[in-house]
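# Survey of secondary and tertiary structure
Spelled out, the chains give:
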Amino acid sequence: MLELRKDIFADERDDNLKEVGKPTQRQDMLGHVTGTSAYYDDHRFANLLHLKILRSPHAHARIRSIDDAAAARAPGVKRIIRGADVPVNLNTLLSLIQFGKDDEPSLATDVVRYKGEPVVAVVATSERAALEALALIRVSYEPLPAVFDVEEALKPGAVSVNAAYPKNTFEYYNKYDHQKLRFGDADAAFAQADIVLDERYQMSPIEHAPTETNGSIAVPDTNGRFIVYTSTQALFFSLDTAAKINAMPSNQLHFIGGTVGGGFGGKVDTLTEPLAILAARLTGAPVRHRLSRHEEMQFGSPRGGERIYIKDGIMRDGRIIARKVRAYFDSGAYTRLSSYAAVKCAAHIPGPYTIPNVSADVYCVYTNRTPATAMRGFGVTALDFGLECQMDKGAVAVGMDPLEYRMLNAYRDGDMKAHRREAKNCALIECAQVAAEKASWPLRDEFRRMSSRTGGGVQRAGGGADRTRAPAPAPAPATRPAPVTPQRVSYERPAAAPAQSAPPPPPRTPSPPPAVQPAGSTHGAPRFSSVFGTRRR
Amino acid sequence: MKTPVQFRLNGEEVAAFAESGANLLDVLRESVGDLSVKGGCWQGTCGTCTVLVDGAPRLSCITLAESCAGKSIETAGGLRRGAELHPLQSAFMERFAAQCGYCTPGMLMAAKALLDRNPNPSREEVVDAICGNICRCTGYEPIIAAVLDAARGDSRRRA
């Protein structure tokens, strides 16, 4: 049953698998077990100064005044830094690739938009002196109404969170308030479906909680440059961001990283380097900016909490003929990387299933919560949780085995995806077959014979060699399939009238291997960057 | 105000001036210069900073440095004897029981405290010994296997 498809990645694969099956030691392991791996904070400098930050106690408030006079006179304090001291006090991470508007200050000046937002930085001779000085700063706030729910934030008259995006939605291409996907006619298909399954999935924000918190040390070099030791996961990204905020050429910054005490996506946001560098410039001394655990939890971005509605139109024989998704990504008060998460989510809909009618709306929404960011497949993981829960519920609704229900609907080579790209190199069915075998999960014969190759051994809602034909009954223990209007399966032609010819019987043997592939690369669709809208590679 | 503190660190006498109220973690890292001890939460919850004080595992971030005067401190930086790795270190390497490596020094010391008093622990006893040490790369199973390997003395046997 298991077959190695060597045509996939043919131009990249090397069948001399000499590393497989035997352990290869990691180059950093000896350092890890002897405690000699050098993380950013394992570098020592004479006269090191420490930067600590006064943070907003309010989720949304106007700053009336800031009195830092007493803090400036406190023992050990070398410098107070306010928003006005930051050369470019407004940034968005993806501005480096011209994606989104600058919306987040390094230090808030007029309004704070989430609890924990930085307001004033103190640089002192010890962390303790800095913390004691922070306690002397008096900030007068005028609390403002706040919004914490993604759908509340989209209602007319909702509190406006982010000055760059007054309608509380990220703007794609400076024009669209969400990511939109339309394929076929989902609403018409729901009217034809035997079962409509409408569900809501709510995710929680998740803190990465790396054992090493975010931090960096900026050290003035003797040649006018600054050496920055950092916990970043994204060295050059952080370097360019820090250069922009400090209005300095990037060749004045020398970033040193590499050994990171856990990140999981939570160390791509350049949270500490820009102010550490600014403080080193202003004081001429090395400055460490290290987040406490509390700051890591409150100010370090979490994975955003997503809310996802999924509505499926299902035929009694198990074919999914329509799927509608509405997803809201809680970006928190600023953009960081949630705008990109929504793009990834939209690109993943409707999951690895051939569904001829798909409609999706994915929003990146601003609320007065901690800004969210990358975490382990963000954008896709939450959606997949919802989709696969939905698949289990759908299987129950039609009385099918959940694995067989997935196999029935899985992509086959040549199927048209909702994004108008042909499915290639599909393998979900084969994965399911191997998983079932290993778990001793019984699959019926038809499903053991199924294949991801073109046609795939069964008629489905959207697949098959002849995509204009009305789907034939699937091999499910269903009641008599209800008459189905043929589904529109390709964007370039409207739904066709039912074909007159009778469908052929389902194949009894696995599909034959495809014709010999033409020379050259056969793997992968040309890769597509959803951010740039251009093809790479 | 600073107070002189003297203790044994990995068998060597050391002395430092500690800020009044300073914790052992800061004194070890900033004054003595033992950077094998890592800080993770500075509030006694994650186990990253675990060291042995007179053989018992202690969270150095919430241990007053002054309370360690005259005591014997062991850290991961002192596990190795010359070029020879401690059996726990070899076992951690061979079992791939470290990913980012940041929790590893504390994890090693928690495991050493166990093996020093119980050379043949059960799996449950190993789990109990490291239950206060958080690994966020979620590698607990290899760590448990490594500690059991080290206890059985077969850390160099496996291919």
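Residues numbered from 1 in each chain as written. Chains lettered and ligands numbered in written order. Predicted model: local features only at pLDDT ≥ 70, side-chain atom pairs only at ≥ 80, totals over all residues.

Before going further, it helps to examine the overall build of chain A. Of regular secondary structure, chain A possesses 13 helices and 17 strands. In chain A, which comprises 537 residues, the proportion classed as buried is 47%. Partitioning the contacts of chain A with sequence separation of at least 6, the portion at a separation of at least 24 is 77%. (Helix = DSSP H or I, 4+ residues; strand = E, 2+ residues; numbered from the N terminus. Buried ≥ 20, exposed ≤ 12 C-beta atoms within 10 Å, placed from the backbone. Contact = placed C-beta atoms within 7 Å.)

What follows is about the domain arrangement of chain A. For chain A, the domain assignment lists domain 1 (49-143), domain 2 (147-204 + 304-537) and domain 3 (208-298). Partitioning the side of domain 1 of chain A that touches domain 2 of chain A into residue classes produces six nonpolar, four polar and five charged. (Domains from an automatic or database assignment. Nonpolar A, V, L, I, M, F, W, Y, C, P; charged D, E, K, R; others polar.)

Once that is clear, we can look at the domain arrangement of chain B. Residue and element names in this part refer to chain B. On domain assignment, one finds that chain B holds domain 1 (2-77) and domain 2 (87-152). Taking the mean C-alpha position of each, domain 1 and domain 2 sit 21 Å from one another. The interface is formed by 16 residues belonging to domain 1 together with 13 residues belonging to domain 2. Of all the secondary structure elements, the ones that give two or more residues to the side of domain 1 that touches domain 2 are β3 (50-53) and β4 (56-59). Here the side of domain 1 that touches domain 2 gets three residues from one element, more than from any other, and that element is β3.

So, on to the packing of helix α2 (residues 87-94) of chain B against helix α5 (residues 140-152) of chain B. Residues and elements named next belong to chain B. With their axes 8 Å apart at the nearest point, α2 and α5 run at an angle of 135° to one another. In terms of axis orientation, α2 runs oblique to α5. Crossing of α2 against α5: the hand is right-handed. Contact residues: Pro87, Leu88, Ala91 and Phe92 in α2; Ala146, Val147, Asp149 and Ala150 in α5. Of the residues in the contact of α2 with α5, the class split is seven nonpolar, no polar and one charged. (Axes fitted to C-alpha atoms, helices over the stretch in contact; angles between N-to-C directions. Parallel < 35°, antiparallel > 145°, perpendicular 65-115°, else oblique. Left-handed = near helix turned anticlockwise from the far one by under 90°.)

Moving on, we get to helix α1 (residues 24-32) of chain B. All names here are of chain B. Taking burial as the measure, the nine residues of α1 include seven buried ones, the bulk of the element. By the burial criterion, the buried members of α1 are Leu24, Leu25, Asp26, Val27, Leu28, Arg29 and Val32. Check the buried side of α1 and you find it contacts β1 (2-9), β2 (12-19) and β3. One or two residues past the end of α1 sits glycine 33, with phi positive at roughly 90°.

So, about the interface of chain B and chain A. Between chain B and chain A, the contact holds 25 residues from the first and 22 residues from the second. Secondary structure elements with two or more residues in the side of chain B that touches chain A: α2 and α3 (104-117) of chain B. The residue makeup of the side of chain B that touches chain A, split by class, is 15 nonpolar, eight polar and two charged.

Each regular strand displays side chains that alternate between the two surfaces of the sheet. Residues and elements named next belong to chain B. Of the strand pairs in this sheet, β1 and β2 are connected by eight bridges, and their pairing is antiparallel. Bridged to glutamine 6 within β2 is alanine 15. In this structure, the hairpin formed by β1 and β2 is closed by a connection of two residues, where asparagine 10 is found at a positive phi of approximately 50°. Bridge count between β1 and strand β5 (residues 72-74): two bridges; the pairing is parallel. Of the residues in β5, the one forming a bridge with leucine 9 is isoleucine 73. (Pairing = 2+ DSSP bridges.)

This brings us to helix α10 (residues 381-398) of chain A. Residues and elements named next belong to chain A. With 18 residues, α10 extends 26 Å between its outermost C-alpha atoms, agreeing within 8% with the 26 Å of an ideal straight helix rising 1.5 Å per residue. Residues Ala382, Leu383, Gly386, Leu387, Gln390, Met391, Gly394 and Val398 constitute the buried set of α10. Buried residues in α10 make contact with β8 (195-202), β13 (306-314), β14 (320-332), α9 (338-348) and α11 (402-409). (Expected span 1.5 Å × (residues − 1).)

With that settled, consider the nonpolar core. If you look at the biggest cluster of nonpolar residues, it comprises 100 residues, and the most contacted ones within it are Ala121, Val122, Val123, Ala276 and Ala279 of chain A. No other element matches α3 of chain B, which puts seven residues into this core. Every residue in contact with alanine 279 of chain A, bar those within four places of it in the chain, is listed here: Leu49, Leu51, Arg79, Ile81, Ala121, Val123 and Val287 of chain A. In this structure, Tyr165, Val343, Val358 and Val365 of chain A belong to the second largest nonpolar core, which totals 66 residues. (Core = buried A, V, L, I, M, F, W, Y, C linked by C-beta atoms within 7 Å.)

Another point: unusual backbone geometry. Residues and elements named next belong to chain A. Between isoleucine 349 and the following residue, proline 350, the backbone shows a cis peptide bond with an omega angle of 10°. Mapped onto the fold, proline 350 is located in the loop between α9 and β15 (358-366). Look at arginine 420: it is not a glycine, yet its phi comes out positive at around 65°. On the secondary structure map, arginine 420 appears in the loop between α11 and α12 (428-438).

Once that is clear, we can look at the pairing of strand β5 (residues 118-124) of chain A. Residues and elements named next belong to chain A. Most of β5 sits out of view: seven of its seven residues are buried. Taken together, the six bridges between strand β1 (residues 49-55) and β5 define a ladder with antiparallel strand orientation. Note on β5: the bridge partner recorded for lysine 52 is valine 122. Pairing of strand β3 (residues 77-81) with β5 involves four bridges; the strand directions are antiparallel. Directly across from isoleucine 81, in β5, lies its bridge partner alanine 121.

Our next topic: the sheet that holds strand β12 (residues 287-290) of chain A. Residues and elements named next belong to chain A. On the basis of which strands lie adjacent, the open sheet formed by seven strands has the order β3-β5-β1-β12-β9-β10-β11 and mixed pairing. Of all strands in the sheet, those bounded by a partner on one side alone are β3 and β11 (253-256). On average, each strand axis in the sheet is tilted by 20° relative to the strand beside it, whichever way the strands run. Those strands touched by helix α6 (residues 235-245) are β10 (226-230) and β11, and its axis lies near 145° from that of β11.

Glancing now at the confidence of the model for chain B. Across chain B, the average pLDDT comes to 94, with 96% of residues at 70 or higher. We note a pTM of 0.86 for the whole complex and an ipTM of 0.96 for its interfaces. (pLDDT = per-residue confidence, 0-100.)

All names here are of chain A. Sheet architecture is open: five strands sit in the order β7-β15-β14-β13-β8, paired in mixed fashion. On the outer flanks of this sheet lie β7 (179-183) and β8, each paired with one strand and no other. The mean inter-strand angle of the sheet, taken between neighbouring strand axes irrespective of direction, is 5°. Across nine bridges, the pairing between β13 and β14 is antiparallel. Its bridge partner lying in β14, isoleucine 314 is registered against isoleucine 320.

Quick look at the environment of glutamate 171 of chain A now. All names here are of chain A. If you trace the backbone, glutamate 171 turns up in the loop between α4 (150-153) and β7. Residues glutamate 171 and lysine 18 lie 153 residues apart in sequence; the distance between their C-alpha atoms is 49 Å. Apart from residues no more than four positions distant in its own chain, glutamate 171 is found in contact with Tyr165, Tyr176 and Asp177.

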